[in-house]
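Residues per chain, in single letters:
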Amino acid sequence: MSGITLQRTRRVGLTATWFMALGLNNLANAQAAGDFVDGENSDLVTATCTRCHSASLVTQNSGSRDVWQLRVNLMQSAHGMPAIDAAMQEAIVGYLATYYGQKAAARRAALAPEFLPDNPYDAAD
Ligand code: HEC
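Residues numbered from 1 in each chain as written. Predicted model: local features only at pLDDT ≥ 70, side-chain atom pairs only at ≥ 80, totals over all residues.

Would you mind showing me how to read the packing of helix α4 (residues 65–78) against helix α5 (residues 86–99) here?
The axes of two packed helices give the description: the angle between them and the distance between them. One way to put it is that α4 packs onto α5 with a least axis distance of 9 Å and a crossing angle of 130 degrees. Here α4 lies oblique to α5, going by the angle between them. Remark: the crossing between α4 and α5 carries right-handed chirality. Residues Arg65, Trp68, Gln69 and Val72 of α4 touch α5, and the partners they reach there are Gln89, Ile92, Val93, Leu96 and Ala97. Residue composition of the contact of α4 with α5, grouped by class: six nonpolar, two polar and one charged. (Axes fitted to C-alpha atoms, helices over the stretch in contact; angles between N-to-C directions. Helix = DSSP H or I, 4+ residues; strand = E, 2+ residues; numbered from the N terminus. Parallel < 35°, antiparallel > 145°, perpendicular 65-115°, else oblique. Left-handed = near helix turned anticlockwise from the far one by under 90°. Contact = placed C-beta atoms within 7 Å. Nonpolar A, V, L, I, M, F, W, Y, C, P; charged D, E, K, R; others polar.)

How should I be thinking about the site of the ligand in this particular structure?
Not every one of the 16 residues close to the ligand is listed here, only the nearest: Cys49, Cys52, Met75, His79 and Met81. At the level of elements, α2 (42–49), α3 (55–59), α4 and α5 are the ones that each hand at least two residues to the shell around the ligand. Partitioned by chemical class, the residues of the shell around the ligand number nine nonpolar, five polar and two charged. (Near = placed C-beta within 6 Å.)

Mind showing me how you'd approach the packing of α2 against α5 here?
Where α2 contacts α5, the axes come no closer than 9 Å and their chain directions differ by 105 degrees. It follows that α2 is roughly perpendicular to α5 by the angle criterion. Here α2 contributes Ser42, Leu44, Val45 and Thr48 to the contact with α5, which in turn contributes Ala91, Ile92, Tyr95 and Leu96. Residue composition of the contact of α2 with α5, grouped by class: six nonpolar, two polar and no charged.

Explain the environment of Met81 here, please?
Assignment of secondary structure puts Met81 in the loop between α4 and α5. With 16 C-beta atoms packed within 10 Å, Met81 lands in the partly exposed category. Separated by 32 residues in the primary sequence, Met81 and Cys49 have C-alpha atoms spaced 9.0 Å apart. Residues contacting Met81, with those up to four places away along its chain left out, are Met75 and Gln76. (Buried ≥ 20, exposed ≤ 12 C-beta atoms within 10 Å, placed from the backbone.)

If you want it as structure tokens, here you go:
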């Protein structure tokens, strides 16, 4: 039992260290943690989209223009965001689709085998 517990603790510790390293790296590269990237209409998006939640709830997402349009609609139909006119809608969705557009892949590539932790399970065959 203690062997398993120890191994698990070590793995959690390593994973936490790994994520902390990633986090610090990202923080150093971001202009300020969680802020919208500077660009045309970034002030409008900041003013409109950070009234109820942080910018990072938005910027951790990506998507096409249609996807962002759906999200902006959802904020209004389900989350109580006041209605905005078509021009403002266009400016916000355009900004989001430009700076937080659809990524080629939403998930990172798999880790190389040498970076994977030991498999604690016996092979089935
Ligand atoms: C009136 C309040 C309000 C405003 C203004 C608002 N939101 Fe939200 N938003 C919410 C709430 C509530 C949630 C759900 C939070 C949760 O699930 O913890 C949310 C969640 C989100 C999510 C995460 C959805 C998911 O499925 O993970 C995105 C993306 C988002 N908002 C984008 C926007 C954008 C873009 C704007 C500006 C156009 C905006 N929000 C303005 C209230 C708002």
